[in-house]
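Report on the structure
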Protein chains: 2
Amino acid sequence: MNWQPPAIPALATHLEPALRLRIDQKTKPPGSLGRLEELALQFGLMQATTAPELRAPVVLVFAGDHGLAAEGVSPFPAAVTVQMVHNFLAGGAAINVFARQHGLALRVVDAGVAADLPPHPSLLDRKVRAGTRNALHEPALTAAEVGQCLARGAALVDELAKSGTNALLFGEMGIGNTSAAALLIGALTGAPLADCVGRGAGHDDPGLARKRAVLERVQARHPDVSEPLAALAAFGGCEIAMMAGAMVAGAARRMVIVVDGFIVTAALLVAARLQPAVLDYCVFAHHSADAGHARALAELRAKPLLHLGLRLGEGTGAALAWPLLVSAVGFLREMATFESAGVSTAEAPRA
Amino acid sequence: MNWQPPAIPALATHLEPALRLRIDQKTKPPGSLGRLEELALQFGLMQATTAPELRAPVVLVFAGDHGLAAEGVSPFPAAVTVQMVHNFLAGGAAINVFARQHGLALRVVDAGVAADLPPHPSLLDRKVRAGTRNALHEPALTAAEVGQCLARGAALVDELAKSGTNALLFGEMGIGNTSAAALLIGALTGAPLADCVGRGAGHDDPGLARKRAVLERVQARHPDVSEPLAALAAFGGCEIAMMAGAMVAGAARRMVIVVDGFIVTAALLVAARLQPAVLDYCVFAHHSADAGHARALAELRAKPLLHLGLRLGEGTGAALAWPLLVSAVGFLREMATFESAGVSTAEAPRA
């Protein structure tokens, strides 16, 4: 493991009074824009300015396959990973629709798809291996592969920074990756596996029971894993490890990290164990319907913006939340002040 | 009262199986887009098509003054109503920022502002009277004025329909109108006034206590009011009555009615008492931080899309939720199907 997580700058907390003043001078009752005011403050502290902006946002859909899929942990066949990658590249998936709607660039990152993919302008080939090993029988990744994933994720963000991007929306695709996410969350938080395992892409009750039974056996195969890199090696996947590296690198460059659902949150949990300050740069987009997400969010004390019963992944929750981030920056930059608009402020409390 | 609420067409429930099939054929696990799938279904049933669309949406900010403001029920002086109308017309308010962001037309409707307003391309002069009377001493509106408000609201929607608009986002401005809304909700639901009164634009504890005390006296001045038109006459305001008429007219034309926060919900409660089927055409944008909103939402069995601690009004919550409605229509119209994209569906459950 050669990759060292880069340092993450501290928030510009000295600007908090100036930011709060600017927010409160806008023509609205103080606090009346709720969570949007919190976002505006956060972006100002992150970017060390009282006039934050969001530039050239990119949705990154990290794709990878999982050897564990052979155990029937998903209701979908493993081939769906590569099929959906082709769907992303053809523009037909949900994330494509939402990215187009919001003017978001979209890149599909091949972190570890178990198929050869022809070149495509929207595809970034960062494949570390063609799917992870089956974690029921052996470690999903070697330590060297984990390091490669992290480093390639970070390098990819460094490349994006050159074109001025300062906001990344994280998404993923990988049949079997809710299983890897559940195992990672269990290992890193110590929570009972039962609290971390959900229906994924839509298991019925027997399917959920089967998934749980398999994951209990996987966990027993890798006892005493609690360190983030060891957990990534034990359970995978390539796309999760690569997201963790990309998140740390993004925060190191003061980028906004928009966290999608269950699997992206598992990647963030890994990233936060490597470099806790990454959390200062995160916006939690939505609360997934997958049961395990609540456990991971609680661990991170996260308050997602949306509660819409989503459980699709791909970055769809991040894309759906995106306009709220734009609104937060927009009100701060564009609204008139009480003074400029000639609007009276609240009267002093009466005796 | 000459205005008769128009008939509202029934939902095209015979299309529900076809709509559900179309939703489930998209390349995503069934149900995984959560609330967006419910919206897509609702729009299809409303518009009687499996390919619903949203056309030429308009934010309508209904403005009116309240005689009750003289009793100190708001922390802001009554002059703020007209000052904010000028701010809307100059483009400097929060709703202007969000409407621009989402490409929403915005019209300010003078339903009853207590000032003369010069003509402006974005201002619709529908003034019924220059502010309501003080409900502490007399009925806020006459029965004839209530009828005028309802009729003018409906006529305004009929005009908008000519330009192809099929979605209306409701907002309002009026110092004192959280008091009118609380009184209306109390009268129409029978809930204790204490459950309906919140901090409005931001009362501190003494301000809230004073507001409650005034509203208890107003309620005592108008006992046994439970019928919607009588309640509007007793408590006002012009902007609330005009919204109620506009909502019924919108639903009669199968338009999407996007319901903002506390005051708009009070108007909807009135509208639903006049014509219950209006609710079939409503999308509840957000759950306001104002305490009374929860009571009104419960009465309507409403599940708002957003929970962001907003309490600004102006239609800001409706505008912030708008992109979710666009996403719902977008996924249904634009996503590939499993068949068209060559993606495998879920495997049959294993034995």
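Rules behind the numbers
Residues numbered from 1 in each chain as written. Chains lettered and ligands numbered in written order. Predicted model: local features only at pLDDT ≥ 70, side-chain atom pairs only at ≥ 80, totals over all residues. Heavy atoms only, no water. Helix = DSSP H or I, 4+ residues; strand = E, 2+ residues; numbered from the N terminus. Rg over C-alpha atoms; globule rule 2.2 N^0.38 Å. Buried < 20%, exposed > 50% of the residue type's maximum accessible area, 1.4 Å probe, protein only. Contact = heavy atoms within 4.5 Å. Lys, Arg positive; Asp, Glu negative; His and termini not counted. Charge placed at Lys NZ, Arg CZ, Asp CG, Glu CD. Buried area = accessible area lost by both parts, 1.4 Å probe. Salt bridge = Lys/Arg side-chain N within 4 Å of Asp/Glu carboxyl O. Polar contact = N/O pair within 3.5 Å; in protein donor to acceptor, adjacent residues only side chain to side chain. Nonpolar A, V, L, I, M, F, W, Y, C, P; charged D, E, K, R; others polar. Expected span 1.5 Å × (residues − 1). Arc of directions from axis to C-beta. pLDDT = per-residue confidence, 0-100. Axes fitted to C-alpha atoms, helices over the stretch in contact; angles between N-to-C directions. Parallel < 35°, antiparallel > 145°, perpendicular 65-115°, else oblique. Left-handed = near helix turned anticlockwise from the far one by under 90°. Pairing = 2+ DSSP bridges. Least-squares fit on C-alpha atoms with pLDDT ≥ 70 in both. Phe/Tyr/Trp six-rings, centres within 6.5 Å; stacked < 30°, edge-to-face > 60°.

1. Things to note about the overall build of chain A
- For chain A, the count of helices and strands is 14 helices and six strands.
- The C-alpha radius of gyration computed for chain A amounts to 21 Å, which stays within 12% of the reference 20 Å derived for 351 residues, consistent with globular compactness.
- Taken along the three principal axes of its C-alpha coordinates, chain A extends 70 × 45 × 40 Å.
- Taking all 351 residues of chain A together, the buried fraction comes to 63%.
- For chain A, the proportion of contacts with a sequence separation of at least 24, taken over those separated by at least 6, is 75%.
- With 29 positive and 30 negative side-chain charges, chain A shows a spacing of 2 Å between the two charge centroids.

2. Here we look at the side chain of His286 of chain A
- With respect to the element layout, His286 of chain A can be found in the loop between β6 (282-284) and α12 (291-299).
- Among residues more than four places away in sequence, those in contact with His286 of chain A are Val259, Asp260, Gly261, His293, Pro304, Leu305, Leu306, Leu310 and Gly317 of chain A.

3. Overview of the interface of chain A and chain B
- Taken together, the contact between chain A and chain B spans 57 residues of the former and 57 residues of the latter.
- Counting the surface lost from both chain A and chain B, the interface buries some 4700 Å², and carbon and sulfur atoms represent 61% of this.
- On the surface where chain A and chain B come into contact, there are two salt bridges.
- With a shortest N-O distance of 2.9 Å, Glu334 of chain A and Arg100 of chain B are connected by a salt bridge.
- Linking chain A with chain B are 18 residue pairs in polar contact (both at pLDDT 80 or more).
- Counting only elements with at least two residues in the side of chain A that touches chain B, the list comes to α2 (34-47), α3 (80-90), α4 (94-102), α13 (316-334) and α14 (338-341) of chain A.
- In terms of residue count, α13 of chain A provides more of the side of chain A that touches chain B than any other element does, eight residues in total.
- In terms of residue class, the side of chain A that touches chain B is built from 31 nonpolar, 16 polar and ten charged.

4. Overview of helix α8 (residues 205-221) of chain A
Residue and element names in this part refer to chain A.
- The terminal C-alpha atoms of α8 lie 25 Å apart, and with 17 residues this matches the ideal 24 Å at 1.5 Å per residue to within 8%.
- Among the residues of α8, those classed as buried are Gly207, Leu208, Lys211, Val214, Leu215 and Val218. The buried residues of α8 occupy an angular sector of 130 degrees when projected down its axis, which confines them to one face. Exposed residues on α8 whose side chains face more than 90 degrees from its buried face are Asp205, Pro206 and Ala220.

5. Let's talk about the confidence of the model for chain A
- Within chain A, residue pLDDT values average 96, and 99% of them lie at 70 or more.
- Here the predicted complex carries an ipTM of 0.97, next to a pTM of 0.97.

6. Some remarks on the pattern of salt bridges
- In this structure the tally under the stated criterion is 28 salt bridges over all chains.
- Lys303 of chain B is paired through a salt bridge with Glu38 of chain B; the nearest N and O atoms lie 3.4 Å apart. Linking Lys303 of chain B in the loop between α12 (291-299) and α13 (316-334) with Glu38 of chain B in helix α2 (residues 34-47), this pair joins segments that are 265 residues apart in sequence.
- In this structure Glu38 of chain B comes out as partly exposed when scored by relative accessible area, which is 39%.
- Here Glu145 of chain B ties to Arg129 of chain B by a salt bridge, and the two come within 3.3 Å at their closest N and O atoms. A residue pair is termed long-range when its members are at least 10 positions apart, and Glu145 of chain B in helix α5 (residues 143-162) and Arg129 of chain B in the loop between β3 (123-125) and α5 qualify at 16 residues.
- One continuous salt-bridge network, built from bridges that share partners, spans Arg35, Glu38 and Lys303 of chain A.

7. What about the packing of helix α4 (residues 94-102) of chain B against α13 of chain B?
Residue and element names in this part refer to chain B.
- Two elements in contact, α4 and α13, have axes separated by 9 Å at closest approach and are oriented at 20 degrees. One way to sum up the angle between α4 and α13 is to call them roughly parallel. In this structure, α4 meets α13 at a crossing whose hand is left-handed. On α13, the residues that touch Ala94, Ile95, Phe98 and His102 of α4 are Thr316, Ala319, Leu320, Trp322 and Pro323.

8. Here we look at the side chain of Thr316 of chain B
- Its location among the elements puts Thr316 of chain B in helix α13.
- Other than its neighbours up to four places away in sequence, Thr316 of chain B contacts Ala94, Ile95, Phe98 and Asp260 of chain B.

9. Things to note about the sheet that holds strand β6 (residues 282-284) of chain B
Residues and elements named next belong to chain B.
- Strand order in this open sheet of six strands is β3-β2-β1-β4-β5-β6, and the pairing throughout is parallel. Since the sheet does not close on itself, it has two edges, and those belong to β3 and β6, each with one partner. The average angle at which neighbouring strand axes cross in this sheet is 25 degrees, direction not considered.
- Both strand β1 (residues 58-64) and strand β4 (residues 167-173) contribute to a ladder of six bridges, which runs parallel. Residue pairing in the sheet places Leu60 in a bridge with Phe170 of β4.
- Contacting β5 (256-259) and β6, α2 crosses the sheet at an angle of about 160 degrees to β6.

10. Points about the relation of the copies chain A and chain B
- It takes a turn of 180 degrees to lay chain A on chain B, together with a shift of 0.0 Å along the axis; the resulting RMSD is 0.0 Å. Between the two chains, the operation in question is that of a two-fold axis. Distance from the rotation axis, computed per C-alpha, reaches its smallest value in chain A at Leu306 of chain A: 3.3 Å.
- Both copies present the same face, since 100% of the interface residues in chain A are matched by interface residues at the equivalent positions in chain B.

11. Focus on the packing of aromatic side chains
- Considering all chains together, one arrives at four aromatic pairs over all chains under this definition.
- Judged by centre distance (5.9 Å) and plane angle (5 degrees), the ring pair of Phe62 of chain A and Phe170 of chain A falls under stacked. One end of the pair, Phe62 of chain A, is in strand β1 (residues 58-64); the other, Phe170 of chain A, is in strand β4 (residues 167-173), with 108 residues separating them in the sequence.
- Seen from their ring centres, Phe76 of chain A and Phe338 of chain B are 6.4 Å apart, and the 15 degrees between their planes marks the pair as stacked.

12. A closer look at the environment of His66 of chain B
All names here are of chain B.
- By the secondary structure assignment, His66 is in the loop between β1 and α3 (80-90).
- The exposure class of His66 is buried, given its relative accessible area of 6%.
- Here Glu239 takes part through its side chain, which lies 2.7 Å from a polar atom of the side chain of His66.

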